[in-house]
Amino acid sequence: MAKFEVNYEEKIKAGAFDNFQLLKLDDDGKINLQQLRLVGVLSQEKLEELNKLRLHLSLTNRDLSFEEKWQKIEENNLDVEELRSLGVINDAELDQMKPLPLVDFPNDVWEKVPPVQPNRTDIFVVGGVSSGKTCFLAGLLEYGNRTGKLFVDRITNPGGGIYEDQLRIAVDEGRLFQGTPTDAIQYICADMKDEANKSESPINIFDMSGEVFQFCFAKSKSEIAELYPSFIEYIFSDNPKVFFLALNWKVKKMEMKNQEGQGFPVFQSSLLDNILEFLRHHELIKKEKIKAICLLVTQWDQYPDPKNPNPTDDGLDDFISNNYRQLFKRLMEYEERYGIKFKILPYSLGTFDRRNYYTFEETYSKKATDFLMKTVPFIEARKKGFIDKIFNKD
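In what follows, the accompanying structure is described. All values derive from a computational prediction rather than experimental measurement.

1. Some details on the overall build of the chain
- A tally of regular secondary structure across the chain gives 17 helices and 12 strands.
- Per-residue burial for the chain yields a buried fraction of 45% across its 394 residues.
- Of the contacts formed within the chain by residues at least 6 apart in sequence, a portion of 73% connects residues at least 24 apart.
- Total accessible area computed for the chain in this model is approximately 21300 Å², and 48% of it derives from carbon and sulfur atoms.

2. Things to note about the nonpolar core
- Counting 48 residues, the largest nonpolar core has Phe 231, Leu 245, Ile 293 and Leu 295 as the members making the most contacts within it.
- Looking at this core, the element that brings in the most residues is helix α13 (residues 268–281), giving 6 residues.

3. Here we look at the pairing of strand β3 (residues 185–194)
- Among the 10 residues of β3, 9 are classified as buried, and the element is accordingly described as predominantly covered.
- Looking at chain direction, strand β2 (residues 150–153) and β3 are connected through 4 bridges and run antiparallel. When the bridges of β3 are listed, Asp 153 appears paired with Cys 189.
- In terms of strand pairing, β3 meets strand β4 (residues 199–208) through 10 bridges, oriented antiparallel.

4. Brief notes about unusual backbone geometry
- Phi at Asn 119 takes a positive value of approximately 60°, unusual for a residue other than glycine.
- Mapped onto the elements of the fold, Asn 119 is located in the loop between α7 (91–97) and β1 (121–126).
- Positive phi values are uncommon outside glycine, yet Glu 283 reaches one of about 60°.
- If you trace the backbone, Glu 283 turns up in the loop between α13 and β8 (290–298).

5. Topic: empty space enclosed by the protein
- Counted under the stated rule, the structure contains 1 cavity of 30 Å³ or more.
- Considering only enclosed or pocket space, the largest cavity measures out at about 60 Å³ in volume.
- Around the largest cavity sit Leu 140, Gly 144, Lys 149, Leu 150, Met 192, Ile 203, Ile 205, Thr 369 and Leu 372, which together line it.
- Considering only residue class, the lining of the largest cavity consists of 6 nonpolar, 2 polar and 1 charged.

6. Quick look at the pattern of salt bridges
- Applying the stated criterion to the full structure yields 22 salt bridges.
- Measuring nitrogen to oxygen at the nearest pair gives 2.7 Å for the salt bridge that ties Glu 142 to Arg 146. With Glu 142 and Arg 146 both in helix α8 (residues 133–147), this residue pair falls 4 residues apart, about one helical turn.
- A residue is classified by how much of its surface remains accessible, and Arg 146, at 46% relative accessible area, is partly exposed.
- The closest approach of N and O atoms between Lys 366 and Asp 370, which form a salt bridge, is 2.7 Å. Within this pair, Lys 366 and its partner Asp 370 are both found in helix α16 (residues 363–373), separated by 4 residues, close to a single helical turn.

7. A short note on the pairing of β4
- Burial analysis of β4 places 10 of its 10 residues in the buried class, which makes it a mostly covered element.
- The two faces of β4 match: Ser 199, Ser 201, Ile 203, Ile 205 and Asp 207 on one face and Glu 200, Pro 202, Asn 204, Phe 206 and Met 208 on the other face are all buried.
- Inspection of the sheet shows β1 paired to β4 by 5 bridges, in the parallel sense. Bridging from a neighbouring strand, Phe 124 pairs with Phe 206 of β4.
- Counting the residues between successive antiparallel strands, the hairpin from β3 to β4 contains 4 residues, one of them, Lys 198, with a positive phi of roughly 50°.
- In terms of strand pairing, β4 meets strand β12 (residues 379–380) through 2 bridges, oriented antiparallel. Paired with Ser 199 across the strands is Glu 380, a residue of β12.

8. Looking at the side chain of Asp 273
- As for its placement among the helices and strands, Asp 273 is situated in helix α13.
- Here Asp 273 is in contact with Gln 326, Leu 327 and Arg 330, once residues within four sequence places are set aside.

9. Quick notes on the environment of Leu 140
- Within the fold, Leu 140 resides in helix α8.
- A relative accessible area of 5% means that Leu 140 is categorised as buried.
- In this structure the C-alpha to C-alpha distance between Leu 140 and Tyr 364, which are 224 residues apart in sequence, comes to 8.8 Å.
- Discounting chain neighbours no more than four positions away, the residues touching Leu 140 are Leu 150, Tyr 347, Ser 365, Ala 368, Thr 369 and Leu 372.

10. Looking at the packing of α8 against α16
- Packing of α8 against α16 brings their axes to within 9 Å, and their N-to-C directions diverge by 75°. In terms of their interaxial angle, α8 and α16 are classed as roughly perpendicular. In this structure, α8 contributes Phe 136, Gly 139, Leu 140 and Tyr 143 to the contact, and α16 contributes Ser 365, Lys 366, Ala 368, Thr 369 and Leu 372.
- For the contact of α8 with α16, a count of residues per class yields 5 nonpolar, 3 polar and 1 charged.

Here is what the cut-offs are and how they apply
- Residue numbers here run from 1 along each chain, matching the order of that chain's written sequence.
- Since the coordinates come from a predicted model, pLDDT governs what is reported: local features require at least 70, and pairs of side-chain atoms require 80 or more to be given and counted, while whole-chain, interface and lining totals use all residues.
- With hydrogens and water stripped out, all remaining heavy atoms of the structure feed into the side-chain values.
- Numbering of helices and strands runs from the N terminus, with a helix taken as a DSSP run of H or I at least four residues long and a strand as a DSSP run of E at least two residues long.
- Partly exposed residues are those whose accessible area sits between 20% and 50% of the maximum for their type, while under 20% is buried and over 50% is exposed, using a 1.4 Å probe and protein chains only.
- We call two residues contacting when some pair of their heavy atoms lies within 4.5 Å.
- In these tables, accessible area is a Shrake-Rupley quantity obtained with a 1.4 Å probe, and a residue counts as shielded only by the protein chains included in the view.
- Residues grouped as a nonpolar core are buried Ala, Val, Leu, Ile, Met, Phe, Trp, Tyr and Cys residues, joined through side-chain atoms within 4.5 Å.
- Two strands are said to pair when DSSP picks up at least two bridges between them.
- Only protein atoms enter the 1 Å grid used here, on which a cavity is any set of points holding a 1.4 Å probe that cannot leave and a pocket is any open set flanked by protein within 12 Å on both sides along at least five of seven lines; residues with an atom within 4 Å of a point are listed as lining.
- Grid points are joined across faces, edges and corners, and a volume is the space filled by probe spheres set on the points.
- Here the term charged refers only to Asp, Glu, Lys and Arg, the term nonpolar to Ala, Val, Leu, Ile, Met, Phe, Trp, Tyr, Cys and Pro, and the term polar to all other amino acids, Gly among them.
- Just to be clear on terms, a salt bridge is a Lys or Arg side-chain nitrogen sitting within 4 Å of an Asp or Glu carboxyl oxygen.
- All axes here are fitted lines through C-alpha atoms, helices being fitted over the stretch that makes contact, and every angle between N-to-C directions spans 0 to 180 degrees.
- Orientation labels follow simple angle bins: below 35 degrees gives roughly parallel, above 145 gives roughly antiparallel, 65 to 115 gives roughly perpendicular, and whatever is left gives oblique.

Shape is all these values report; function is a separate question.
Given below as structure tokens:
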């Protein structure tokens, strides 16, 4: 054990050094705080006090990024209010460090979901947990609202109307959303408008939790109906359908649970392939039933292509055919054999910073909207009624 000069120990016992000086002596190698604790010169409480001060001082290091500072705060369970009161961090720095709170949805969103509305095209957005379904839906709704191409019916399904509004508020504020409740299925009634051709297309847009979707893996129709009867009702309705299959390119496997609650991994592509096989097995894969299937590759803006730091659609088909060959071939088969339109689209809600704050980038939502506009059947727009004439005199 190293031996320190007697005067240091004596001075420390006499309280000759403040905490900042003790840390400086430790940094310079003139004393060892841990060793002084072992020999009884410092108490455990004093050592903890010094360690806490060292942490506080490290947060004032200008060479540390906001992300690194916040990581220190979380890893060491430091009290943010205490740091603020001590002047270690200020409000402006805290705003840059702290992740934004997630947007939560009121319970009304998930309760009393009505039967599917007939004489519409059903748009299903499906995928595993954290596949990007809700981000896609939020962007689609926000873009449709901004451009006047999507008009939500909040009367027919009030819960869906609330859900739509909360999603768009989140996009407006640049915030992400709480995870969809595990048993949740919801849909939004809307009309797509084509002003150029004075036509419209009534649609239902369905969203369901990744847990519901993953539950359907390798299950029969009766097994699914026993726990999620509304899912079976919706997917077997007489309405024509368009499916968006959300695939997060960053995720290869997803965690599943059996009836006993035991976890096991499943390839993300297997989950998507399973829903396609389910549709074929129950003879829903027909042109008159399913108008199109779109494979939606989420977080595509973060795809690391050394030759193309700003990835475009150009490498998308190659990426899917090379990495998800079986899924790609099945979708191609459905297009050739059944005449179902097949499309691969990239998607991103926007560019995120380390706090998960983002600015909405409408490019990808526009691509998806254009795809829908070319896919769903349009009818001549309804003539203006008395109320319309009052508010739209021209």
